[in-house]
Amino acid sequence: MRDISLRIILAPMEGVLDHLMRELLSSINPYDLLVTEFVRVVDQLLPEKVYYRLCPELKNNGLTKSGTPVRVQILGQEPGWMAENALRAVTLGSRGVDANFGCPAKMVNRSKGGAVLLQYPELIHDIVKAMRQAVPSEQPVTAKIRLGYEDKSLFMENALAVYEAGATELAIHARSKVDGYKPPAYWEYITEVRERLPIPVIANGEIWNRDDALRCMEVTGCDSIMIGRGALSMPNLAASIKGDTPYDWATTLRLMIHYSELETSGLKATYYPARIKQWFSYLSREYPEADDLFREIRIHKTTEDILNGLKLAATKLAPMKS
Ligand SMILES: Cc1cc2nc3c(=O)[nH]c(=O)nc-3n(C[C@H](O)[C@H](O)[C@H](O)COP(=O)(O)O)c2cc1C
């Protein structure tokens with residue numbers, strides 16, 4: 001069934017792909033690597049508890065329960081502090097460490113972190129170099145960039161800056177900061193970088209199904225891809241890229257119920273209503289039924305009411321299956 005050989009990496013998504021979602025998605029997909037939401041580094045070595053909170057998998061040797069490696073992502077602008085925090089992440093068990101040079105958030109950009117750094121390739125170079133020098137050589141130091149800040153004119157300079165600083169690999173979200181998340185993704189820029197850089201380049205942006213993945217690989221020549229929103233809108237996207245049948249709505253609904261049970265028994269239970277509604281918004285891209293069910297349950301505010309709504313919908317579906 002799994003008929004193509006490629007690496008599939010789950011993208012970092014702040015406020016969305018937390019450890020429970022990583023646990024769930026890695027239990028049903030053959031991910032090669034998961035990247036965490038970013039840790040914001042400003043002017044200190046962050047306490048260990050910050051890393052454990054964001055990435056509880058560190059306590060399991062940097063692996064999810066199903067054994068998929070997890071890499072901590074850090075975001076900052078000061079090479080020295082980025083280096084110290086990179087070392088802390090890997091010392092605690094992160095499988096390598098990733099630097100974020102793509103975050104478009106105003107707050108982060110105003111304090112000179114994330115995508116705003118794409119205007120300063122030398123600073124990107126200095127940050128990655130400092131991280132590389134601090135982290136033991138057997139541990140990957142990687143970076144994730146967009147194609148630029150206001151335009152794409154510096155895309156190659158930034159890619160070269162990451163490579164020349166000694167990074168192990170580079171993920172490229174094929175849009176500028178100004179492009180936001182609007183289609184299309186400009187994969188052809190990734191092709192140019194992949195042809196120029198001797199390190200692996202990971203293609204990212206607008207991969208929603210197997211056909212998109214195959215087209216992206218064909219256009220870019222990359223054998224590593226990263227998927228973000230698509231991984232939520234079709235929960236077994238990575239498996240389906242490798243040949244499995246995409247989940248139907250009934251299977252997805254059962255998975256949501258399972259997720260709800262995980263989420264409501266964990267420390268973040270109070271966030272559950274917001275989290276599940278957020279997931280509905282991604283699912284409705286793939287499943288019209290998600291939209292219909294969301295209309296019914298969005299008025300519910302308590303976990304219990306939402307969960308009952310999901311279970312009722314699942315029992316209504318069950319007889320149709322038999
Ligand atoms: C809600 C949200 C949060 C994100 N958080 C991060 C983040 O913490 N770090 C990062 O490098 N990229 C982040 N991204 C960007 C994604 O990793 C990815 O590059 C982008 O969504 C494009 O890939 P996709 O088309 O597969 O979603 C985020 C994107 C979204 C939509």
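These numbers come from a predicted model, not from an experiment.

Parameters at a glance
Residues numbered from 1 in each chain as written. Predicted model: local features only at pLDDT ≥ 70, side-chain atom pairs only at ≥ 80, totals over all residues. Helix = DSSP H or I, 4+ residues; strand = E, 2+ residues; numbered from the N terminus. Rg over C-alpha atoms; globule rule 2.2 N^0.38 Å. Buried ≥ 20, exposed ≤ 12 C-beta atoms within 10 Å, placed from the backbone. Contact = placed C-beta atoms within 7 Å. Domains from an automatic or database assignment. Nonpolar A, V, L, I, M, F, W, Y, C, P; charged D, E, K, R; others polar. UniProt positions renumbered as here; feature names shortened; annotations may be inferred. Pairing = 2+ DSSP bridges. Axes fitted to C-alpha atoms, helices over the stretch in contact; angles between N-to-C directions. Left-handed = near helix turned anticlockwise from the far one by under 90°. Near = placed C-beta within 6 Å.

Enquirer: Summarise the overall build of the protein chain; cite the residues concerned and give the values.
Expert: Across its full length, the protein chain carries 14 helices and eight strands. Taken over the C-alpha trace, the protein chain has a radius of gyration of 20 Å; the compact-globule value for 322 residues is 20 Å, and the two agree within 12%. For the C-alpha atoms alone, the extent of the protein chain along its principal axes is close to 60 × 45 × 35 Å. Looking at the protein chain as a whole, 47% of its 322 residues are labelled buried. Sequence-distant contacts, at least 24 apart, represent 68% of the contacts inside the protein chain between residues at least 6 apart.

Enquirer: Account for the domain arrangement of the protein chain, with residues named and values stated.
Expert: Once the domains are mapped, the protein chain shows domain 1 (7-241) and domain 2 (249-321). Summarising the inter-unit geometry, the C-alpha centres of domain 1 and domain 2 are found 29 Å apart. Contacts between the two partners involve nine residues from domain 1 and, on the opposite side, twelve residues from domain 2. If you list the elements that add at least two residues to the side of domain 1 that touches domain 2, you get helix H1 (19-28) and helix H9 (229-233). Here the side of domain 1 that touches domain 2 is composed, by residue class, of six nonpolar, one polar and two charged.

Enquirer: I'd like to hear about the UniProt feature "site: Interacts with tRNA" (unreviewed entry) in the protein chain, residue by residue, with values.
Expert: In this numbering, the UniProt entry assigns the feature "site: Interacts with tRNA" (unreviewed entry) to Arg40, Asn100, Tyr181, Arg275, Lys277, Tyr282 and Arg298. These annotated residues cover 259 residues of sequence, and their C-alpha atoms reach 33.5 Å apart at the extreme, placing them across more than a single site. As for its placement among the helices and strands, Arg275 is situated in helix H12 (residues 272-283). With respect to the secondary-structure elements, Lys277 resides in helix H12. Accessibility expressed as a C-beta count within 10 Å gives 14 for Lys277, which makes it partly exposed.

Enquirer: Explain the sheet that holds strand S8 (residues 224-227) to me, and be specific about the residues and the numbers.
Expert: Strand order in the closed barrel formed by eight strands is S1-S2-S3-S4-S5-S6-S7-S8, with parallel pairing between adjacent strands. When the angles between neighbouring strand axes are averaged without regard to direction, this sheet yields 30°. Judged from the five bridges that link them, strand S4 (residues 97-101) and strand S5 (residues 141-148) form a sheet pairing that is parallel. Within the sheet, the bridge partner assigned to Val97 lies in S5 and is Val141.

Enquirer: Quick one: what's the story with the UniProt feature "domain: DUS-like FMN-binding" (unreviewed entry) in the protein chain, residue by residue and with numbers?
Expert: As recorded in UniProt, the sites labelled "domain: DUS-like FMN-binding" (unreviewed entry) are residues 9-292. For residues 9-292, the helix share is 44%, the strand share is 16%, and the end-to-end C-alpha distance is 31 Å.

Enquirer: Kindly report on the packing of helix H3 (residues 79-92) against helix H5 (residues 121-134), identifying the contributing residues and their values.
Expert: In contact at an axis separation of 8 Å, H3 and H5 are set at 35° when each is read in the N-to-C sense. For the pair H3 and H5, the sense of crossing is right-handed. From H3, Pro79, Gly80, Met82, Ala83, Glu84, Ala86 and Leu87 reach across to H5, where they touch Asp126, Ile127, Ala130, Met131, Gln133 and Ala134. Looking at the contact of H3 with H5 residue by residue, the class counts come to nine nonpolar, two polar and two charged.

Enquirer: An account of the site of the ligand is needed here, citing residue identities and associated values.
Expert: Around the ligand, the structure places 23 residues, and the nearest of them are Ala11, Glu14, His173, Gly228 and Arg229. Those elements giving two or more residues to the shell around the ligand turn out to be strand S2 (33-40) and H9. The residue makeup of the shell around the ligand, split by class, is nine nonpolar, nine polar and five charged.

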